[in-house]
Amino acid sequence: MADHRYDPREIEPRWQAAWERERAWEVSNEPDDRPKAYVLEMLPYPSGEPHIGHLKTYSVGDAIAHFRRRNGYRVLHPMGYDAFGLPAENHAIKTGVHPRDSTQASIEAFQRQFRAWGISIDWTREFGTHEPRYYRWTQWIFLQLLRRGLAHRREAAVKWCPNDATVLANEQVVDGRCERCGAEVEVRQLEQWFFRITDYADRLLDDLDSIEWPEHVKTMQRNWIGRSEGAEVVFRCEQLGIDYPVFTTRPDTLFGATFFVMAPEHPDVLRLAAGTDREDEVREYVNHVLAESVETRGDAEKPKTGVPLGRTVTNPVNGEELPMFVADYVLMEYGTGAIMAVPAHDGRDHEFARTFGLPIRRVIECGEELPCTGDGPLVGSGPFDGGHNREAYEEIVQWLDREGRGHASVNYRLRDWLVSRQRYWGCPIPVVYCEECGIVPVPEADLPVVLPDVEDYAPRGRSPLAAAEDWVNVDCPACGRPARRETDTMDTFVDSSWYFLRYCDPDNEGAAWDREAVDMWMPVDQYIGGVEHAILHLMYARFFAKALTDMDLLDVSEPFRALFTQGMVTKDGAKMSKSRGNTVDPAEISDRYGADTARCHILFIGPPDQDVDWSDEGVEGTHRFLARLWRLGADLAGEGAPAGPPADAQGDDLALVRKAHWAIEKVTGDMRRFAFNTAISAVHELVNETYRVRATAGPGALGFAASTAASLVFPFAPHVGADVFDRLTGRAVWTERWPEADPDLLETDTFTLVVQVNGKVRDRLEAPASASPDELKALAREAANVRAHVDGRELVKEVVVPGRLVNLVVR
RNA sequence: GCGGGCGUGGCGGAACGGUAGACGCUCCGGCCUUAGGAGCCGGUGGGCCUGACGGCCCGUGGGGGUUCGAAUCCCUCCGCCCGCACCA
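Quantities reported herein were computed from a predicted structural model and do not represent experimental measurements.

Rules and cut-offs
Residues numbered from 1 in each chain as written. Chains lettered and ligands numbered in written order. Predicted model: local features only at pLDDT ≥ 70, side-chain atom pairs only at ≥ 80, totals over all residues. Heavy atoms only, no water. Pairing = 2+ DSSP bridges. Helix = DSSP H or I, 4+ residues; strand = E, 2+ residues; numbered from the N terminus. Axes fitted to C-alpha atoms, helices over the stretch in contact; angles between N-to-C directions. Buried < 20%, exposed > 50% of the residue type's maximum accessible area, 1.4 Å probe, protein only. Near = heavy atom within 4 Å. Polar contact = N/O pair within 3.5 Å; in protein donor to acceptor, adjacent residues only side chain to side chain. Contact = heavy atoms within 4.5 Å. Phe/Tyr/Trp six-rings, centres within 6.5 Å; stacked < 30°, edge-to-face > 60°. Lys NZ or Arg CZ within 6 Å of the ring centre and 35° of its normal.

(A) Broad picture of the sheet that holds strand β21 (residues 473–475). Taken in spatial order, the four strands line up as β20-β19-β22-β21 in an open sheet, and their pairing is antiparallel. Two strands close off the open sheet at either side, each with one partner strand: β20 (438–441) and β21. Looking at each pair of strands side by side, their axes are set apart by 40° on average, direction ignored. Direction of pairing for strand β19 (residues 431–434) relative to β20: antiparallel, over a ladder of four bridges. Bridge pairing in β20 places Val-432 opposite Val-440.

(B) Up close: the pairing of strand β11 (residues 242–248). For β11, a buried count of five out of seven residues is recorded, marking the element as mostly surrounded by other parts of the structure. Two successive antiparallel strands, strand β10 (residues 228–237) and β11, enclose a turn made up of four residues, where Gly-241 displays a positive phi of approximately 65°.

(C) A look at the protein's contact with RNA strand B. Residues in close proximity to RNA strand B total 55 residues, the closest being Thr-249, Lys-304, Arg-348, His-684 and Arg-764. Of everything in RNA strand B that lies within 4 Å of the protein, sugar and phosphate atoms constitute 68%. Contact between RNA strand B and Thr-248: a sugar or linking oxygen at 3.1 Å from a side-chain N or O atom of the residue. Note that a phosphate oxygen of RNA strand B is positioned 3.0 Å from one of the side-chain N or O atoms of Asn-688.

(D) Up close: the packing of helix α19 (residues 595–604) against helix α24 (residues 718–729). Close contact between α19 and α24 brings their axes to 7 Å; oriented N to C, the two are set at 115°. For the pair formed by α19 and α24, the contact residues are Ala-595, Asp-596 and Arg-599 on the first element and Pro-718, His-719 and Val-720 on the second.

(E) Region of the structure containing the packing of aromatic side chains. Enumeration over the complete set of coordinates arrives at 46 aromatic pairs. Taking the centre distance of 5.9 Å and the plane angle of 55° together, the rings of Phe-255 and Phe-384 count as tilted. Highlighted residues: Phe-255 in the loop between β11 and β12 (259–262) and Phe-384 in the loop between α11 (347–356) and α12 (389–403), separated in sequence by 129 residues. Like Phe-255, the residue Phe-384 is buried in the burial classification. Through pairs of rings, three or more aromatic residues link up here, namely Phe-127, Tyr-134, Trp-137, Trp-140, Trp-498, Tyr-499, Phe-500, Tyr-503, Trp-513, Tyr-527 and Phe-560. It is Arg-485 that lies over the ring of Trp-471; its NZ or CZ is 5.4 Å from the centre. Over the face of the ring belonging to Tyr-691 we find Arg-628, whose NZ or CZ atom lies 4.2 Å from the ring centre.

In C-alpha cells form, the structure reads like this:
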C-alpha cells in the first residue's frame, strides 16, 4: 500500500536521477528516422539566482520539448549561458571579485535550479560564452566578417555612456539613456568597430514574411529598420560651389521649400559660416548643441532653435535661393544630415518657420489647414500645377533624374551595429595594430586571443585591457615588428548571435561547427523568450545568419523559424523588483511545493504570451490539484487497477472513458496553440470527474482516466506525470507516444440542444446526435418553455445549428 | 504624433459569430473526524417573482451598426498597456 502523501521532495529527485541515468534528453548527431525538432529558449544571462521569469521561459520551452518528443520528434533542447557582460564587471569593480568567479558561481546556481526544476536538457551540449573554447569561434566569426568587409573600423559620432565609460549600440540607448545603468548618454566622435548590418536592411525586412513570429515583434523590427522611400535631391550652394544632396520622402512638395537646414554635426557647417557675419553665432550654437544630452536634444516638444548660416542654396526645380540654417532638429545620422524645409507640409519645418518668420508656401490643395500632409492637386509648382500630388511625385523624380539633379532613393533608420566596448569582461577583438601594416587580423591559428587577467577593472575611458602591457604588446603577425593588440572587447550581443549554431556541435575543436551537424539541426524550430529581445538580439542573430549564409558557412538565413514571446510575471499587478519588495523567488516556491507545482502553476495562471500576476494563494490550488492526481494514482495502483480502458464500457465507465478522450483532444489542441492554461484546466476536469465517479466506476475506467491524466500533465509537471504513470502502468511516460483521442469516443449519443426564441435561450433538452435538422426543429417547437414564448405569435424563421442549437424567430 | 495590443464576476482567467463566466483562487455550506489549517461532496455575477419545481429581467468599458443570433465583426468615444518617435 502506497504512502498516501504527495511528497515532491521524494518524487522529484528520484525521477531526475532516472532521467540522468538513462540520458533521456540527450540526442546524438547521428541521423535516425525521426524528424528533428530544435526547441530553444533564449540563453540566460547568469547573474545571481534564476528569477521567476526564467521559471516561466523554461516551463514553456520544456512543455514544447516534451510534447514534440512524444509526437515522434528527435528533439534538440540544449542550455548555455550568456556569460560576458557589464553586471559581472561592475560587481568586480565594487568587490574585487573576478567576473569569472562571480559568473561561475551564478552559473552553478542556474544549473542547480534547472536540474531541480527537472527541465529536459541535453547537458552534454552546455557551454558559457565566456569560455575560450566558445569565444575562440566568436573571434573566428569576427575575422570572417572582417575579411568580407562586414566588420570595419571608422570614426563616427557614437553614443557614449559616461557612467559605464563605454560606447553603446544605438539599440542600447533608450530614451536618451543607457539601457543598462540609466545614465544620460553623450555623443562622442570616436573610431570604433562596426558590423555592416545596414547592408542587410532589405533582407532583414523582406524575410520577416517567411517566418512564424508574433506580428507585433515583426512590426517592431520593421519600424526599427525604418525603410522609407523617397528621393535624393541636390541643392547647390553657388557661393562655395558645393552640392548638398538631401533625402526627402516628399519630392512632390519641392516647390514649397522655403529654406534649408543642416545638422549641427554636419562637417560643412563651420566652413559655410566662415567669413559671414554669422560665424561666431554658428560656432556658439554648434558647441551648445553638442554639449546637450541625447535626451534633451531628442525632445520633440521643446521649441525649435537654430541659427542662419549666412549662405543660400539653389532649389533645383525653380532656381530659387533658399536661406541656409543650422538647427538641432536635423540629425546627422539620418539621410544626408541636411534637409530641404517645406513648412507648409511638415510640422517641424512649419514650427521652425513660424519661430524665425520664414515664408510658408502651400503647394498642395489638400483641403486642410497648414501644416498639412494630406493629398490633393498641386499649386504654385510651375509645370506640375493641377496634377495630383501622388502622380506629380513620380513626375518630379523623373524630371530630377533627367536633369541630373536627383534620383529615387531609399533610406533606413537602421544604423550599423557598433560592437566595440571599452570594457574588460567581454570577448577580445582579435586584431593587432601595427605602425607598418595597420590593422592586422590575428591569424586563425593563433585563436583564441585569451582575455588576460587584470588587477583593475574600472573603466577609464579606455578598456581596462590596455593596462595589461604584456598582453597588449605583441609582434605584428604580418611583419613581425612590435605592435599592439586591440584592447576593446565585443558587445555581448555578438556572443549571443550565434550560440544556437554552436549547440549543434559544441565540442568541435577544429571548427566553429561542422556543416553537416548545423544543416541537420538548423533552423531552430521553436524559439522562446521575452519580448524585450524583440529588436536587439533577434535582429543581430538574423543578421549573423544571413551574413554566414552569404559566406557559405550556413544554409539557413533565418535562424528562428517560429518564435514565441512569453509575457512578464508580475506581483500585485506590478513588475517585480527588489526595490519594490514584491519579488517571488522560484527556488522558494519549488522548495515549498515542489518543482511540478511551480512549473505547472506559472503556466496555469494565464495565457503564456500575456503578462500574468502571481498570487501566493493561487499556487496552493495547483499544489492541491497535483496532490489529488498523485493520490488518485497511488490509491488506484494500490488497488491493482488496470490502466487499460474496459473493452465495452457502460454507464459511468463509459462516461469517464469519454471524458478522458475529451481531455486528450482538448490538451492536444491546446498544446499546438500554446494554450497551456486551458490544457491544464482540461486535466483538472478529468481528475475532478474521476473523483466524482470514484465509488461507482470500475477499476479499468478509473485506471485509464488516471493514467491518461498523468500522461497529459507530464509536459507541465513531469515528475508527477512520470510517477503516477509508472505506478499505474509500469511504463516510462516520456517514451510513450502522445495519446490520441478515439473519434468514436468523442461522439456521444445525445447532446444538449439549446433552444432560442429570437436569440434568447428559452430551453435546453437532450436530443439524439443523429437527429436531422427537421427533427431538431420539431423537438424545439415542442419544448415546454419554448411554447410559452412562441404560441400565439407568427413563426417567421427557424435557424438550426446541427449539434448545438435551434433559434426560432417569431413576430 | 505614428504603429500594435487590451478592456468579461470579489480576483486570475474560459468562451470556431451559436448555452457568457470553463478551470483555479476567495467565500459559504455539508460530510468525515477527538480535532482539522488535511481530505471528500456541493454552492458562489446582479436584481426580481415563486411555498417549491421553476421562471423573468439585467449583465462582457460607453454609444451606434451588421446579423436569426455579437464578449467575438464594423464605426465611434473613453480608459489602460507596449513599441517607435524632431527619421525629413
